[in-house]
Amino acid sequence: QFVYATPFTQDGRAHGELHEQFKRKTVLTVANHFPYIKTRIQVIQREQYVLTPIEVAIEDIQKKTRELARAMQQNPPDPKILQMVLQGCIGTTVNQGPMEMAHVFLRDLVDGKKSPTKLQNKLRLCFKDFSKKCGDALQMNRTLIGPDQKDYQRELQRNYHLFTDQLMPMISSKTMYALSTRFLCKSMRLTHLSAFASISTDAHYEPIQNKSLLKPRHRRKLNGEPPHEMKLEQLSEYQKTLRYHRKMFGHYGKASGVDPGLCWPTKTELATLKEVERLQYPRTLQESIEKIRLEKEEAERAARLRDEEVARKVARAESAKQELLARMARKEAEARAIREKKERMMEEVREYFGYRVNPKDPRFQELMEAKEKEEKKKLKAQKKLEREAQKVVKLIRPGQATSSPSSPPPTQPEKADSSGS
């Protein structure tokens, strides 16, 4: 079977107001189940149902309730889907939301003078289920959101409270509620009239007056009284301990009924406390004060040494900065000298040719290579002369060290010099 719905109004339009909106549901029954070997299957039966406007509203509310239930049953829960469904249920801004449906179809039941029809009762039940599902979804959403969505949660809760405040007068029967309450009170008076006449103490009234359903010990604690009387036959094993008695006296004082003498430690407990204190704090008060003073002095000395170390490092940083600047200047000067030397060699090559030559020209490059070789030879010869001069100096110095200041210089170094040259 296949079902599809077609919206219509009695004046021929497809869509209209809520009280005018009908829906035609068509049910098609085919000969075989899909999928089938054929792409088209013969329709053997066709049925149509027309839903009145209130039935359309009931179907929409039930659909929204099912969507909320599916969003809450997801595992793991998806807060985005849940918030989207909630926004469409209680945060809707369109004119034909759930609240507008309630106003259109249940507004005449507010005063309680008119009896609801069967469909109105069904719609009220749907709204009750829908309202409960919205409340459960809000509680679930509060556990899933982060700190950045607190304002959004408060807005949803505000919309939910407004929705329920406007909806409750239409879905709750005030007449039935008043009649049931009056009947219940009258039956209770007739049932307990004879018993109340014979009761004269407050102890018998207390169970009847206790509407909070709290246990006696909890009710006594709520009123600032001890939870029970300190009678050994009524206490548990823990409540019989000395620690519990001291706790009750410390909290409720004389009203607890505990002997104040139990709050003082016994001789055995005092001896134990002294032993524990001796083991935990072996030093005397003066020794502890002296230790704290020494630790404070040591911390101050460490801080002073750290400050001095920082000052030295700052001074070294300044000198290192000057060295870095000098090294950068030296490298820049060397690079400038190399650049000037290259420019000078290129200028000499141009003067050799007598005109400006492209540096990529093979003749220019060959002449530059020759110039570089010549420069290398000159540098090599200069270094050789410097080495020979250093040798001569080394030969002269030993002779000066052995001779006396008054004797003339020997001639041997001169021969060595002449032979060296």
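Residues numbered from 1 in each chain as written. Predicted model: local features only at pLDDT ≥ 70, side-chain atom pairs only at ≥ 80, totals over all residues. Heavy atoms only, no water.

**Regarding the pattern of salt bridges**
Alright, step 1. Under the definition given, this model contains 16 salt bridges.
Alright, step 2. Of the charged contacts in the structure, one is a salt bridge between aspartate 151 and arginine 154, with a shortest N-O distance of 2.0 Å. Of this pair, aspartate 151 and arginine 154 both sit in helix H5 (residues 150-171), three residues apart, roughly one helical turn.
Alright, step 3. A residue is classified by how much of its surface remains accessible, and aspartate 151, at 53% relative accessible area, is exposed.
Alright, step 4. Two residues, arginine 278 and glutamate 275, come together in a salt bridge whose shortest N-O distance is 2.5 Å. Placement of both arginine 278 and glutamate 275 in helix H10 (residues 267-280) is noted, with a separation of three residues, approximately one turn of the helix.
Alright, step 5. Each member of the salt-bridge network shares a partner with another, and the members are Asp11, Arg13 and Glu20. (Salt bridge = Lys/Arg side-chain N within 4 Å of Asp/Glu carboxyl O. Helix = DSSP H or I, 4+ residues; strand = E, 2+ residues; numbered from the N terminus. Buried < 20%, exposed > 50% of the residue type's maximum accessible area, 1.4 Å probe, protein only.)

**A look at the packing of aromatic side chains**
Alright, step 1. For the structure shown, the criterion picks out two aromatic pairs.
Alright, step 2. Judged by centre distance (5.7 Å) and plane angle (25°), the rings of phenylalanine 8 and phenylalanine 22 are stacked. Here phenylalanine 8, found in strand S1 (residues 2-8), pairs with phenylalanine 22, found in strand S2 (residues 22-30); they are 14 residues apart in sequence, far enough to count as distant.
Alright, step 3. Given the relative accessible area of 17%, phenylalanine 8 is considered buried.
Alright, step 4. Accessibility expressed as a relative area gives 15% for phenylalanine 22, which makes it buried. (Phe/Tyr/Trp six-rings, centres within 6.5 Å; stacked < 30°, edge-to-face > 60°.)

**What to know about the nonpolar core**
Alright, step 1. Residues Leu68, Leu86, Ile90, Leu123, Phe127, Phe130 and Leu167 are the most contacted members of the largest nonpolar core, which totals 31 residues.
Alright, step 2. Looking at this core, the elements with two or more residues in it are helix H1 (53-72), helix H2 (79-89), helix H3 (98-106), helix H4 (118-144) and H5.
Alright, step 3. Among the elements that line this core, the one with the most residues is H4, at seven residues.
Alright, step 4. Residues within four places of phenylalanine 127 in sequence aside, it is in contact with Ile61, Pro98, Met101, Ala102, Leu106, Phe163, Leu167 and Ile171.
Alright, step 5. By size, the runner-up hydrophobic cluster in this structure holds seven residues, among which are Met345, Met346, Phe364 and Leu367. (Core = buried A, V, L, I, M, F, W, Y, C linked by side-chain atoms within 4.5 Å. Contact = heavy atoms within 4.5 Å.)

**Looking at the sheet that holds S1**
Alright, step 1. Judged by pairing direction, the sheet is antiparallel, and its three strands sit side by side in the order S1-S2-S3 without closing on themselves. Looking at which strands have only one partner, the edges of the open sheet turn out to be S1 and strand S3 (43-51). Neighbour-to-neighbour, the strand axes of this sheet turn through a mean angle of 20°, independent of strand direction.
Alright, step 2. Note: S1 against S2, seven bridges, orientation antiparallel. Paired with valine 3 across the strands is valine 27, a residue of S2.
Alright, step 3. Seen against the sheet, H1 touches S2 and S3 and runs at an angle of roughly 70° to S2. (Pairing = 2+ DSSP bridges. Axes fitted to C-alpha atoms, helices over the stretch in contact; angles between N-to-C directions.)

**Side note on the confidence of the model for the chain**
Alright, step 1. In the predicted model, the chain carries a mean pLDDT of 79, and the fraction of residues at 70 or more is 82%.
Alright, step 2. At the low end of the mean pLDDT range in the chain sits helix H13 (residues 412-420), at 41; at the high end sits H1, at 91.
Alright, step 3. In the predicted structure, residues 175-202 sits below a pLDDT of 50 and forms five contacts with residues beyond four places in sequence or in another chain.
Alright, step 4. Segment residues 409-421: pLDDT under 50, and three contacts once partners within four positions in sequence are set aside and those in other chains are kept. (pLDDT = per-residue confidence, 0-100.)

**Structural notes on the side chain of asparagine 159**
Alright, step 1. Note that asparagine 159 resides in helix H5.
Alright, step 2. Beyond its immediate sequence surroundings of up to four residues, asparagine 159 is in contact with Ile90 and Gly91.

**Observations concerning the packing of H1 against H2**
Each packed pair of helices is defined by two parameters, the angle between the axes and the distance between the axes.
Alright, step 1. Viewed as axis vectors pointing N to C, H1 and H2 meet at an angle of 160°, and their least axial separation amounts to 9 Å. Relative to H2, the element H1 lies roughly antiparallel. In terms of crossing hand, the pair formed by H1 and H2 is left-handed. Taking contact as the criterion, the partners of Lys64, Glu67, Leu68, Ala71 and Met72 in H1 are, on H2, Ile81, Leu82, Val85, Leu86, Gly88 and Cys89.
Alright, step 2. Here the residues of the contact of H1 with H2 sort into eight nonpolar, one polar and two charged. (Parallel < 35°, antiparallel > 145°, perpendicular 65-115°, else oblique. Left-handed = near helix turned anticlockwise from the far one by under 90°. Nonpolar A, V, L, I, M, F, W, Y, C, P; charged D, E, K, R; others polar.)

**A short note on helix H11 (residues 285-353)**
Alright, step 1. Between its terminal C-alpha atoms H11 stretches 101 Å, which fits the 102 Å expected from 69 residues at 1.5 Å a residue.
Alright, step 2. All buried positions along H11 are accounted for by Met345, Met346, Val349 and Arg350.
Alright, step 3. Immediately beyond the C-terminal end of H11, within one or two residues, lies glycine 354, with a positive phi of roughly 85°. (Expected span 1.5 Å × (residues − 1).)

**Observations regarding a nonpolar patch on the surface**
Alright, step 1. Among the surface-exposed residues, Phe2, Phe34, Tyr36 and Ile37 lie close enough to one another that they form a single nonpolar patch of about 450 Å² accessible area.
Alright, step 2. With respect to the element layout, isoleucine 37 can be found in the loop between S2 and S3. (Patch = residues over 30% accessible without salt bridge, like charges linked within 9 Å, V, L, I, M, F, W, Y side chains within 5 Å. Areas by Shrake-Rupley, 256 points an atom, 1.4 Å probe, with all protein chains shown as cover.)

**Quick notes on unusual backbone geometry**
Alright, step 1. In this model, asparagine 75 is joined to proline 76 through a cis peptide bond whose omega is 0°.
Alright, step 2. Residue placement: proline 76 occurs in the loop between H1 and H2.

**A word on a positive patch on the surface**
Alright, step 1. A contiguous patch of positive charge on the surface is contributed by Lys380, Lys383, Lys384, Arg387, Lys391 and Lys394.
Alright, step 2. As for its placement among the helices and strands, arginine 387 is situated in helix H12 (residues 362-402).
Alright, step 3. With relative accessibility at 48%, the residue arginine 387 sits in the partly exposed group. (Lys, Arg positive; Asp, Glu negative; His and termini not counted. Charge placed at Lys NZ, Arg CZ, Asp CG, Glu CD.)

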